[in-house]
Amino acid sequence: MRKKLIAANWKMHKTPREAAAFVHDFIPLISRHDRDEIAILPPFISLSPTIDALRGTGIAVGAQNMHWQKEGAFTGEISAAMLIAIGCQQVIIGHSERRQYFGETDIEVNRKLRSALQGKLKAIVCIGESFQERESGLTERVLSRQVAATLGQICCADVENFCLAYEPLWAIGTGKAATPEMAAETHSFIRQEAARTLGDPAAARLRILYGGSVKPESATALISKEEIDGALVGSASLDPESFARIVKW
Ligand code: PGA
């Protein structure tokens, strides 16, 4: 019922030339694999070359951040309207690296999500607990807060236009993915929390991706779980062969 989404978060990697070279090598590797949706999320300057290189493939391109205002005196920022204008279809919001290094708050994450949806940009909103929070038994409390804050004033009719990505901080870039069972159990909890705001029917349609050290070796066990609606892949998405193996989980 929920189509899976496999998304590549390139973070601060790949110049325009490197992005185009990736697409050149990647496309032949995934021909005839149209089971899931695929999205690639390069840094801002590599968006246009990636969009050009992927034209006609059905693979979506998105940004890794945006500002919630349409335009204005916000030096260094990019709006949803600007992303749409160059052909972007997606955006990542509230990645833990943005929260950790750039002080992004739950309130900003919610503003960005509302602005993305208003601008007809699909969003991948990241949530997740830290190692200390999991160790102290606070995982559910943290996720519950993040889900409630993220979904404030979001209309259930928009549920097909965004997904949540559960990315436990202790799994990002560490090589230690959550076990499929742990991830699936946490996804069920997140869906239950989302239902408080969106209602049960909409929450049942909400896609919840898993992210954090997804590798070709771990992809199948994770993504094949019914509760896991796809993956947000960081370092293993930088190499065309590795990302193609994940797409073909
Ligand atoms: P990773 O990153 O796959 O390198 O752990 C995932 C992410 O941060 O989205």
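One can find the structure itself at the top, above this paragraph.
These remarks concern the structure in this document. (Residues numbered from 1 in each chain as written. Predicted model: local features only at pLDDT ≥ 70, side-chain atom pairs only at ≥ 80, totals over all residues. Heavy atoms only, no water.)

## Some details on helix α7 (residues 139-151)
No. 1: Spanning 13 residues, α7 covers 18 Å between terminal C-alpha atoms, matching the ideal 18 Å at 1.5 Å per step.
No. 2: Where α7 is concerned, the buried positions are Thr139, Val142, Leu143, Gln146, Val147, Thr150 and Leu151. Relative to the axis of α7, the buried residues are bounded by an arc of 140 degrees and lie together on one face.
No. 3: One or two positions beyond α7, positive phi appears at glutamine 153, with a value near 60 degrees. (Helix = DSSP H or I, 4+ residues; strand = E, 2+ residues; numbered from the N terminus. Expected span 1.5 Å × (residues − 1). Buried < 20%, exposed > 50% of the residue type's maximum accessible area, 1.4 Å probe, protein only. Arc of directions from axis to C-beta.)

## Focus: the nonpolar core
No. 1: Within the largest apolar cluster, 65 residues are counted, with the highest numbers of intra-cluster contacts made by Phe26, Val91, Ile93, Phe162, Tyr210 and Phe243.
No. 2: Of all the elements, helix α8 (residues 180-198) adds the most residues to this core, at 6 residues.
No. 3: When sequence neighbours within four positions are dropped, the list of residues in contact with tyrosine 210 reads Tyr166, Pro168, Ala171, Ala177, Ala178, Ala183, His187, Leu222, Ile228, Gly230, Ala231 and Leu232.
No. 4: Within the second largest apolar cluster, 12 residues are counted, among which are Ala39, Leu41, Cys126 and Leu232. (Core = buried A, V, L, I, M, F, W, Y, C linked by side-chain atoms within 4.5 Å. Contact = heavy atoms within 4.5 Å.)

## Looking at the pattern of salt bridges
No. 1: Using the criterion set out here, one finds 16 salt bridges in the structure.
No. 2: Residue glutamate 104 is joined to lysine 112 by a salt bridge in which the shortest nitrogen-to-oxygen separation is 2.9 Å. The pair formed by glutamate 104 and lysine 112 is uniform in burial state, with each residue classed as buried.
No. 3: Glutamate 129 is the partner of arginine 134 in a salt bridge, and the nearest nitrogen-oxygen pair spans 2.7 Å.
No. 4: Salt bridges sharing common partners tie together Arg2, Arg191, Glu227 and Asp229. (Salt bridge = Lys/Arg side-chain N within 4 Å of Asp/Glu carboxyl O.)

## Considerations on unusual backbone geometry
Glycine aside, the phi torsion of most residues is negative, and most peptide linkages are trans.
No. 1: Phi angles above zero are rare outside glycine, and arginine 32 is one such case at about 70 degrees.
No. 2: Take arginine 32: it is sitting in the loop between α1 (16-29) and β2 (37-41).
No. 3: One non-glycine residue, lysine 120, lies in the positive phi region at around 65 degrees.
No. 4: In this structure, lysine 120 sits in the loop between α5 (106-118) and β5 (122-127).
No. 5: Among the residues examined, lysine 120 registers a relative accessible area of 69% and is labelled exposed.

## What to know about the site of the ligand
No. 1: Taken together, 13 residues lie around the ligand, and Lys11, His95, Glu167, Gly173 and Ser213 are the ones closest in.
No. 2: Here histidine 95 contributes a side-chain N or O atom positioned 2.7 Å from an oxygen atom of the ligand.
No. 3: Within the backbone of glycine 173, one N or O atom sits 2.7 Å away from an oxygen atom of the ligand.
No. 4: Burial of the ligand by the protein chains amounts to 98% of its free accessible area of 280 Å².
No. 5: Across the shell around the ligand, the residue classes tally to 4 nonpolar, 7 polar and 2 charged. (Near = heavy atom within 4 Å. Polar contact = N/O pair within 3.5 Å; in protein donor to acceptor, adjacent residues only side chain to side chain. Areas by Shrake-Rupley, 256 points an atom, 1.4 Å probe, with all protein chains shown as cover. Nonpolar A, V, L, I, M, F, W, Y, C, P; charged D, E, K, R; others polar.)

## Section: the sheet that holds strand β6 (residues 162-166)
No. 1: In spatial order, the strands read β1-β2-β3-β4-β5-β6-β7-β8; together these 8 strands close into a barrel with parallel pairing. On average, each strand axis in the sheet is tilted by 25 degrees relative to the strand beside it, whichever way the strands run.
No. 2: Along the sheet face, helix α2 (residues 47-54) touches β2 and β3 (60-63) and points at about 175 degrees away from the line of β3.
No. 3: Against the sheet, α8 contacts β5, β6 and β7 (207-211), and its axis sits at roughly 145 degrees relative to β7. (Pairing = 2+ DSSP bridges. Axes fitted to C-alpha atoms, helices over the stretch in contact; angles between N-to-C directions.)

## Examining the layout of surface pockets
No. 1: For the largest pocket, the calculated volume is near 480 Å³.
No. 2: What lines the largest pocket is a set of 15 residues, among which Lys11, Met12, Gln64, Arg98 and Phe102 lie closest to the centre.
No. 3: Per element, the largest residue contribution to the lining of the largest pocket is 4 residues, and it comes from helix α4 (residues 96-102).
No. 4: Its residues placed into classes, the lining of the largest pocket shows 8 nonpolar, 4 polar and 3 charged. (1 Å grid on protein atoms, 1.4 Å probe; cavity = no way out; pocket = protein on both sides within 12 Å on 5 of 7 lines; lining within 4 Å. Points joined across faces, edges and corners; volume = space filled by probe spheres on them.)

Remember that the coordinates give geometry; whether it matters functionally is a separate question.
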